[in-house]
Amino acid sequence: MKIKYVPWIITGCYFLFGSLWILLSDTILYQITDNFMISKQIGLYKGWFFVLITCLLLYFLLKRLLFLNQSTQDRLYESEERYRRLVESSPYSIVLYQDGKIVYSNQAGLDMMGVRSRESLDEQTRSPVANQTDALHIRSILKQLQNEPEVDAKTKEYQIINEEGNIIDVESTFTPIFFKDKNAIIIQTKDITDQKTALKELWEAKQMIQAIISASPIAIVTLDLNSTVRSWNPAAEKIFGWNRHEIIGKPVPIVPEEEKDISIAEIVKHGHIVNKEVKRKRKDGSYVYAVLSTAPIQDEMGEINGIMAAFMDVTDTKKTEEALMKTEKLSAVGQLAASVAHEIRNPLTSVKGFIQLLQRDEEIARNAPYLSIILSEMDRMDDIIKDLLVLAKPQAERFTTLLVNDLLSYVVQLLNSQASLYNISFIMELTEEVLSIYGEENQLKQVFINLIKNAIEAMPVGGTVTIETYRDGDHVTVTIEDEGVGIPAHKIKTLGEPFYTTKEDGTGLGLLSSFRIIENHEGSLNFESKEGVGTKVTVSLPLPKQKGEGTGQL
């Protein structure tokens, strides 16, 4: 019940009760007697009785109203005390702004401003807001809320300068209220300096981590528990071939089907995996060898919701190790070749000489028709020893400038008769450009003889050998392509290893010596083959350096 309605309620009740009393009592009195004196006497008592009853009613009514008023005041006091303590103990600054000035501030507000009392706030001549633009914006908010109290509360982040000259980052909420019959504004402000500092440090740490990940030569990939890619750094793009826009949000495609070595469930179960060598697939279908390290990623509840995988490309390292092993193997073969050639060639020469003497004797030659076969086989043994000597002493000697087309024409002319026996023809697609190389003539002839003989022997039922030359930058490229049985893919990478051959009666030393000779000429030798279609051999040799080239002069 509102206080302002109490007088009207009392007056109305008194008027209603008095009117009913007069009407009812007079009516009853007229029915009881017609004697004027008796009626007068009874009317007197009736009046005193009415006064007594109304006094009692007013007494109990006023007492009840006073009790209710006191109860209301007590509750109001308790509520005010509760809110006062809440405001005073609040860690946030709470200020009451009215009529263009601060009429109240809790202790937190005074401490924030660095003053001892509210009166000190009135003595300030400058705005505590550090930035002039922010100060104008806040004045605009205060003016709007003062004039339009029905507007919703507004929040603003800005900086203030306290009396000690310290700059504080704060966030204020401006709430319009009605206080003492006037519009006012409650300004609740909290210090967010530590929060801003923490956010800045977090942002800087995040930027640093992102910079490290972006600059890292190690492929760093994050996945969820369904193997869907979350992040993909530039090193991953370089190593695997997919860019981040192609891969993020999709299942990781780098694990070959035949290499299911590590599952997400295993990583979640066992935690970190460190330096495990794995084979992974590139976008172009080729493979990369990498050292894998993994770590689980946890959410704010400590639950694992993904993994981080780091791949360090060791493909070149493995190739280097394989090359080193091959070099060591070749070195051992070279030492063995030197010993074998030295130990065998001298008695072989003697035996060959005696057989030649026996052939000159007609009677012995007639009775021993196999002497010619023995001699031819010994010639073959001598060729093998020559191959061994190339391995034992691979350095090139007597380098001269050679014309590539002339060198190939000579080799083809030399092998024409053998090719005719196999019903094989040559197609020469030699460039019209005069191309020369710097090398040892006999060794290069041996290489091309070996390669063309291999092509001939790969076509037992005949066919065509195509020989092409052309210039490729600062190199001369020679290709020899046959239509033979081809070489299985798994055997191509082992070509050139000691005593490895695809022929039934071969030794593998011819191709091994060819690799060594081309290597000594700073060139390369590559094989491409498909079973039942044929083989293509590509020899690349450098053009002779021009005068002054490679001297370091500008």
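All figures in this text were calculated on a predicted structure; none of them were measured in a lab. (Residues numbered from 1 in each chain as written. Predicted model: local features only at pLDDT ≥ 70, side-chain atom pairs only at ≥ 80, totals over all residues. Heavy atoms only, no water.)

*Asks:* When you look at the overall build of the chain in this model, what are you seeing that I'm missing?
*Replies:* In terms of regular secondary structure, the chain is built from 16 helices and 17 strands. Per-residue burial over the chain gives 33% buried out of 554 residues. Restricting the contact set of the chain to residue pairs at least 6 apart, pairs at least 24 apart contribute 55%. Only carbon and sulfur atoms are counted for the fraction: they give 56% of the accessible area of the chain, which is about 35,900 Å². (Helix = DSSP H or I, 4+ residues; strand = E, 2+ residues; numbered from the N terminus. Buried < 20%, exposed > 50% of the residue type's maximum accessible area, 1.4 Å probe, protein only. Contact = heavy atoms within 4.5 Å. Areas by Shrake-Rupley, 256 points an atom, 1.4 Å probe, with all protein chains shown as cover.)

*Asks:* What exactly am I supposed to notice about the sheet that holds strand β10 (residues 304-313) here?
*Replies:* Pairing between the strands of a sheet comes from backbone hydrogen bonds, and it takes one of two forms, parallel or antiparallel. Across the sheet, which stays open at both edges, the five strands sit in the order β7-β6-β10-β9-β8 with antiparallel pairing between neighbours. Among the strands making up the open sheet, the edge pair consists of β7 (229-232) and β8 (273-281). Neighbouring strand axes in the sheet, compared pairwise and without regard to direction, differ in orientation by 30° on average. With three bridges joining them, strand β6 (residues 219-224) and β7 adopt antiparallel strand pairing. Note that in β7 the partner of Leu-223 across the bridge is Val-229. (Pairing = 2+ DSSP bridges. Axes fitted to C-alpha atoms, helices over the stretch in contact; angles between N-to-C directions.)

*Asks:* Mind showing me how you'd approach the packing of aromatic side chains here?
*Replies:* Any two aromatic rings considered together are summarised by their centre-to-centre distance and by the angle between their planes. Inspection of the entire model under this criterion finds four aromatic pairs. Ring geometry for Phe-240 against Phe-311: centres 5.4 Å apart, planes inclined by 90°, an arrangement best described as edge-to-face. Of this pair, Phe-240 sits in helix α7 (residues 234-240) while Phe-311 sits in strand β10, and the two are 71 residues apart along the sequence. Accessibility expressed as a relative area gives 6% for Phe-311, which makes it buried. Note on Phe-515 and Phe-527: the rings are 6.1 Å apart at their centroids and 35° apart in plane angle, and the pair reads as tilted. Separated by twelve residues along the polypeptide, Phe-515 in helix α16 (residues 509-520) and Phe-527 in strand β16 (residues 524-530) bring together distant segments of the chain. Among the residues examined, Phe-527 registers a relative accessible area of 16% and is labelled buried. Connected via pairs of aromatic rings, a cluster forms that spans Trp-232, Phe-240 and Phe-311. (Phe/Tyr/Trp six-rings, centres within 6.5 Å; stacked < 30°, edge-to-face > 60°.)

*Asks:* What's the story with the packing of helix α13 (residues 404-421) against helix α14 (residues 441-457) in this structure? I'm lost.
*Replies:* Think of two packed helices as two axes; the pair is described by the angle between the axes and how far apart they sit. Direction vectors running N to C along α13 and α14 enclose 40°, while the axes themselves pass 10 Å from each other. Judged by the inter-axis angle, α13 sits oblique to α14. In the crossing of α13 with α14, the sense of the turn from one axis to the other is right-handed. Residues Leu-407, Leu-408, Tyr-410, Val-411, Val-412, Leu-414, Leu-415, Gln-418 and Ala-419 of α13 touch α14, and the partners they reach there are Glu-441, Leu-444, Lys-445, Phe-448, Ile-449, Ile-452, Lys-453, Ile-456 and Glu-457. Residues of the contact of α13 with α14, tallied by class, amount to 13 nonpolar, one polar and four charged. (Parallel < 35°, antiparallel > 145°, perpendicular 65-115°, else oblique. Left-handed = near helix turned anticlockwise from the far one by under 90°. Nonpolar A, V, L, I, M, F, W, Y, C, P; charged D, E, K, R; others polar.)

*Asks:* Even after reading the chapter, I still don't get unusual backbone geometry, so can you show me in this structure?
*Replies:* Most peptide bonds adopt trans geometry, and most residues besides glycine take a negative phi value. Its identity is not glycine, yet Ser-227 carries a phi of approximately 65°, on the positive side. Structurally, the position occupied by Ser-227 is in the loop between β6 and β7. The class of Ser-227 is partly exposed, set by a relative accessible area of 22%. A positive phi angle, close to 60°, is found at Asn-423, a residue other than glycine. Along the chain, Asn-423 turns up in the loop between α13 and β12 (424-429). What makes Asn-423 exposed here is its relative accessible area of 59%.

*Asks:* Can you walk me through the pairing of strand β2 (residues 101-105) in this structure?
*Replies:* For a regular strand, side chains alternate in direction, first toward one face of the sheet and then toward the other. Note: strand β1 (residues 93-98) against β2, four bridges, orientation antiparallel. By the bridge assignment for β2, Tyr-97 is matched with Ile-102. Adjacent in sequence and paired antiparallel, β1 and β2 are bridged by two residues, among which Asp-99 carries a positive phi angle near 55°.

*Asks:* Honestly, the nonpolar core in this entry has me stumped. Any pointers?
*Replies:* Side chains of nonpolar character tend, in soluble globular proteins, to be buried together. Counting 37 residues, the largest nonpolar core has Leu-451, Ile-452, Ile-480 and Val-539 as its most contacted members. Elements with a contribution of two residues or more to this core: α13, β12, α14, β14 (463-472), β15 (475-481), α16, β16 and β17 (534-542). With sequence-adjacent residues up to four places away left out, Ile-452 is seen in contact with Val-411, Val-412, Leu-415, Phe-426, Ile-467 and Ile-480. With 21 residues, the next largest nonpolar core counts Trp-242, Ile-247, Ile-254 and Phe-311 among its residues. (Core = buried A, V, L, I, M, F, W, Y, C linked by side-chain atoms within 4.5 Å.)

*Asks:* Looking at this structure, how should I read α14?
*Replies:* Given 3.6 residues to a turn, an α-helix orients residues that are three or four positions apart in the same direction. With 17 residues, α14 should reach 24 Å at 1.5 Å per residue; the first-to-last C-alpha distance of 24 Å fits that figure. Within α14, twelve of the 17 residues are buried, leaving the element largely enclosed by the surrounding structure. Turning to α14, its buried residues are Gln-443, Leu-444, Lys-445, Gln-446, Val-447, Phe-448, Ile-449, Asn-450, Leu-451, Ile-452, Ala-455 and Ile-456. With a side-chain oxygen lying 2.8 Å from the backbone nitrogen of Gln-443, the N-terminal cap of α14 falls on Glu-440. (Expected span 1.5 Å × (residues − 1). Polar contact = N/O pair within 3.5 Å; in protein donor to acceptor, adjacent residues only side chain to side chain.)

*Asks:* Got a minute to help me understand the environment of Ala-219 in this structure?
*Replies:* By the element assignment, Ala-219 lies in strand β6. Through-space distance from the C-alpha of Ala-219 to that of Ala-310 is 5.5 Å; in sequence the pair is 91 residues apart. Those residues in contact with Ala-219 that lie beyond four places of it in its chain are Asn-233, Ala-235, Ala-236, Ile-239, Phe-240, Ala-309, Ala-310 and Phe-311.

*Asks:* What should I look at first to understand the side chain of Lys-445 in this one?
*Replies:* With respect to the secondary-structure elements, Lys-445 resides in helix α14. Apart from the residues within four sequence positions on either side, Lys-445 is in contact with Leu-407, Tyr-410 and Val-411.

*Asks:* Even after reading the chapter, I still don't get the pairing of β14, so can you show me in this structure?
*Replies:* In this sheet, β14 lies alongside β12 in parallel orientation, the contact comprising six bridges. By the bridge assignment for β14, Ile-427 is matched with Thr-466. Taken together, the seven bridges between β14 and β15 define a ladder with antiparallel strand orientation. When the bridges of β15 are listed, Ile-467 appears paired with Ile-480. Following β14, the chain reverses through two residues before pairing antiparallel with β15; Gly-473 in that reversal takes a positive phi of roughly 65°.

By themselves, these observations are geometric and do not establish any function.
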